[in-house]
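Structural overview
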Amino acid sequence: MVIGAVGAAVLLAGVVMLLVLAAQHGYFGPLARVIACGVLAVALVTVGLIIHRKDPGNVGSPVLAGAGLAAGYLDITAMTWLLGTPVRAAMGVAAVLTLAGLGLAWWWGAQLIAVIATVGALVLVPFVSGDDLLTATAFLILLTAVSTPASWRRGWHVLLGCRVLPTVIYLTTLILAASPTDSRMPLLRVGAAVLAAIPFLDWWLLRPMAARLVRLGGEAVDPATVRAHALTVVPLTLPLWAAAISSPGWVAALLATALLVVSLVHWVVAKDLVMVAGCTVVTVLAGLALPIALLEGDALWLSVALLCLALLDVHRRTGQVSALWVAVVFATIPLVHAITALPDQQTTRSAAERALEALTGLAETATVVAVLLMLGKVAAESTRPPANPSAVRSGWIVAATTAACLLLKGPVTAVTDTIALLIGYQDGAAPLGRGLTTVCAAVIVTVLLMKSRGAGRGAAIRRVGGYVLMGLILIKLCLIDLEYLDGVVRVIAFIGVGLLMLTLATAYSRTIASPSGPDQEATDSDAAGVGAHDLAPHPAGSAGSATSAPGRPDRRPPRPGPTGGPDAARPPVDGGAAGPPGGGGSWAPPGT
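The text that follows walks through the structure, step by step, so that each part is easy to find. For clarity, every value in this text was computed on a predicted model and none was experimentally measured. Each residue is numbered by its place in its chain's sequence as written, counting from 1. In keeping with the model being predicted, local features are shown solely for residues with a pLDDT of at least 70 and side-chain atom pairs are shown and tallied solely at 80 or more, while totals for entire chains, interfaces and linings include all residues. Computation of side-chain values covers all heavy atoms of the structure but excludes hydrogens and water.

**Comments concerning the overall build of the chain**
- The helix and strand labels rest on DSSP assignments: H or I over at least four residues marks a helix, E over at least two residues marks a strand, and numbering proceeds from the N terminus. Helices and strands together make up the secondary structure of the chain, namely 22 helices and zero strands.
- Exposure classes here rest on a 1.4 Å probe applied to the protein chains alone. A residue is buried below 20% of its type maximum, exposed above 50%, and partly exposed in between. In the chain, which comprises 592 residues, the share counted as buried stands at 42%.
- By the convention used here, residues are in contact when the closest approach between their heavy atoms is within 4.5 Å. Once local pairs closer than 6 in sequence are excluded, the contacts in the chain between residues at least 24 apart make up 70%.
- Here the Shrake-Rupley method, with its probe set to 1.4 Å, supplies the accessible areas, and only the displayed protein chains count as covering residues. Counting every atom, the chain has about 30300 Å² of accessible surface; 70% of that belongs to carbon and sulfur.

Written as structure tokens, this is what we have:
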């Protein structure tokens, strides 16, 4: 099979040379080259049919047939510039040839025919189109669309990828490389829109059309095939997304809105998880297309962060895992931008620009923290014994706290600079921002430690993480802030962190020194034996006798006596009989 595939590739390369290089050197006339290529294509298919009839298991028959079909498709494409054949007529003939070849592949049950024919045609069409990019694009989209039913067959996933990827790569590259003012861009946008519609139509037609093909002797569609076709939603919409981000304002808005509406409708209607995940990605791309086309700088980064927060909210409300993972992937963009914004910016900016920078930094910090917290929740819910869900989630909480302490420097400094610029201080207030960053980080860690009081492994992990973070804050305070902060700001930072630590110590002291309940106290005293209150002298007949300690009920069960009561069980006093049931103290028989 490998030898046959390589031989088909070499043969198709020779076909391209026959159609193109021979024309450049004037070896043959245009008509002769077209006829020669057509005869070669027919001969290959005929030989493949003969071999298959004699030996159905021979690998050479599908290889020859696939190479002949690809050569015929290339020949029809070349006719548009060699002989001046109208493009529409040539595309009609090419569509008929494609359907015939895919029907042959279905008849033989040989995916190899369709793969060789499709890959050979899609890869080599741009070379035989006579430098006419629009013609090449039209033939590529035609082959991708017409070959869709062939990939409905169970297990033909290789064909599915082969009919999608070459067209997507070629059209996306062509759109991004072209100038927005290029006269071919309108038609390229139309082609991208047609290509983007293919996966959605494919999703609607797959099940009913496959059911009809079963009645004609085909196989029933399986869930793996449905999921594989759902995966094509994202790549086939990439050219349209590229056209949206590279177009002027109103065109970008139109393309992005159309893509957004279609993907949202299928996101709501679709029940298949893979289709929902693909529509989620396409929705995010469509939502980003307009900001990328119209915005720049901090406004663009802010839109990305807000979109990630919206995806997290969708996951929180609906429980869709795809929304979470798409948010995790796209959250790397705000994370990288927030880290690059950590060094002090020396550029002179207006108050409005610094305010936008502060808002962007806060949104990016919130995005990273929210993603980490949501991942911790999902990880805890999916944890199985013997792992501890609380411990797993606590580790993510500590990571989110660390991220918040690290990323706050940029937005806090931007806020202080904005306030300074608004009140007329043109140099900003970067030292104040650095000092307040230390105090804010201490506040966050203090809240973490306050929420970590109690027993359990999860609380212990949060406490240890909080202690480490607080220690790092103290190191920063003593080694960095002490050196680089101004006098008043330094005082504010030290006093603020000191007050927070005193508050934390007071709260922890109350937690540790809180009195235990009566049951716990009784249990402790019983476990320790006779307590000090049992050794203290008590007046006779009082409730605090050695039998029952003050404020504590007698926990020893009474011994049964003649009358069943506790007083009847007492031994006689001064040699007398046992006390009456209702009596107390010593007594003597009558007449004595």
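**Examining empty space enclosed by the protein**
- Note on definitions: the grid is 1 Å and covers protein atoms alone; a cavity is a set of points where a 1.4 Å probe fits but cannot get out; a pocket is an open set with protein on both sides within 12 Å along at least five of seven lines; lining residues have an atom within 4 Å of a point. Grid points are joined across faces, edges and corners, and a volume is the space filled by probe spheres set on the points. Tallied over the entire structure, the rule returns one cavity of 30 Å³ or more.
- For the largest cavity, the calculated volume is near 140 Å³.
- Lining the largest cavity are 13 residues, and of these Leu69, Leu97, Thr98, Ala117 and Leu143 lie nearest its centre.
- Elements with a contribution of two residues or more to the lining of the largest cavity: α3 (60-82), α4 (87-108) and α5 (111-124).
- No other element matches α5, which puts five residues into the lining of the largest cavity.
- Three categories are distinguished: nonpolar for Ala, Val, Leu, Ile, Met, Phe, Trp, Tyr, Cys and Pro, charged for Asp, Glu, Lys and Arg, and polar for the others, with Gly belonging to the last. By residue class, the composition of the lining of the largest cavity is ten nonpolar, three polar and no charged.

**Let's talk about the packing of aromatic side chains**
- Two rings from Phe, Tyr or Trp (for Trp, the six-membered ring) form a pair when their centres are within 6.5 Å of each other. A pair whose planes differ by under 30 degrees is stacked, one over 60 is edge-to-face, and the rest are tilted. Under the criterion given, the structure shown has three aromatic pairs.
- With a centroid separation of 5.1 Å and 80° between ring planes, the pair formed by Trp203 and Trp204 is classed as edge-to-face.
- Look at Trp203 and you get buried, because its relative accessible area is 12%.
- Relative accessible area serves as the criterion here: at 48%, Trp204 is assigned to the partly exposed category.

**Concerning the nonpolar core**
- Working definition of a nonpolar core: buried Ala, Val, Leu, Ile, Met, Phe, Trp, Tyr and Cys residues. They are joined through side-chain atoms within 4.5 Å. Leu19, Tyr73, Ile175 and Met275 are the most contacted members of the largest nonpolar core, which has 64 residues in total.
- Broken down by element, the residue count for this core peaks at eight residues, all from helix α8 (residues 185-215).
- In contact with Tyr73, not counting residues within four places along its chain, are Ala94, Leu97, Thr98, Ala121, Val125, Phe139, Leu142 and Leu143.
- Listed in part, the 17 residues of the second largest apolar core include Val445, Leu469, Leu485 and Val489.

**What about the side chain of Arg189?**
- Mapped onto the secondary structure, Arg189 falls in helix α8.
- We treat Lys and Arg as the positive residues and Asp and Glu as the negative residues; His and chain ends play no part in the count. Salt bridges are defined by distance alone: a side-chain nitrogen of Lys or Arg within 4 Å of a carboxyl oxygen of Asp or Glu. Asp182 is the oppositely charged side chain nearest to the buried, salt-bridge-free Arg189, at an N-O distance of 9.5 Å.

**Quick look at the packing of helix α6 (residues 133-146) against helix α7 (residues 157-177)**
- Here an axis means a line fitted to C-alpha atoms, over the contact stretch when the element is a helix, while the angle between two N-to-C directions is reported on a 0 to 180 degree scale. The contact between α6 and α7 brings their axes to 9 Å, and the two run at 150°. Judged by the angle between their axes, α6 and α7 are roughly antiparallel. Read as a crossing pair, α6 and α7 show a hand that is left-handed. Residues Leu133, Ala136, Thr137, Leu140, Ile141 and Thr144 of α6 touch α7, and the partners they reach there are Arg163, Thr167, Tyr170, Leu171 and Leu174.
- Residues that form the contact of α6 with α7 fall into these classes: seven nonpolar, three polar and one charged. Any angle between 65 and 115 degrees counts as roughly perpendicular, while under 35 counts as roughly parallel, over 145 as roughly antiparallel, and the rest as oblique. Handedness of a crossing is defined here by the sense of rotation of the near helix relative to the far one, left-handed for an anticlockwise turn of less than a right angle and right-handed for a clockwise turn.

**Considering a nonpolar patch on the surface**
- Note on patches: the residues involved have over 30% relative accessible area and no salt bridge, like charges join within 9 Å, and the nonpolar side chains Val, Leu, Ile, Met, Phe, Trp and Tyr join within 5 Å. Nonpolar side chains collect at one region of the surface, where Leu201, Trp204, Leu205, Val261, Val265, Val268 and Val269 lie side by side and expose about 650 Å² of accessible area between them.
- Sorting the residues of the nonpolar patch by element identifies α8 and α11 (249-269) as the ones contributing at least two each.
- Top contributing element to the nonpolar patch by residue count: α11, with four residues.
- Mapped onto the fold, Val265 is located in helix α11.

**Structural notes on the pattern of salt bridges**
- For the structure on display, the rule yields six salt bridges.
- The salt bridge involving Arg184 is made with Asp182; its shortest N-O contact spans 3.1 Å.
- By sharing partners, the salt bridges in this structure join Asp313, Arg316 and Arg317 into a single network.

**Side note on α3**
- Between the first and last residue of a helix there are one fewer steps than residues, each counted as 1.5 Å, and that sum is the expected span. Here α3 is 23 residues long and its end C-alpha atoms lie 32 Å apart, about the 33 Å a rise of 1.5 Å per residue gives.
- Extensive coverage of α3 is indicated by the burial of 19 of its 23 residues.

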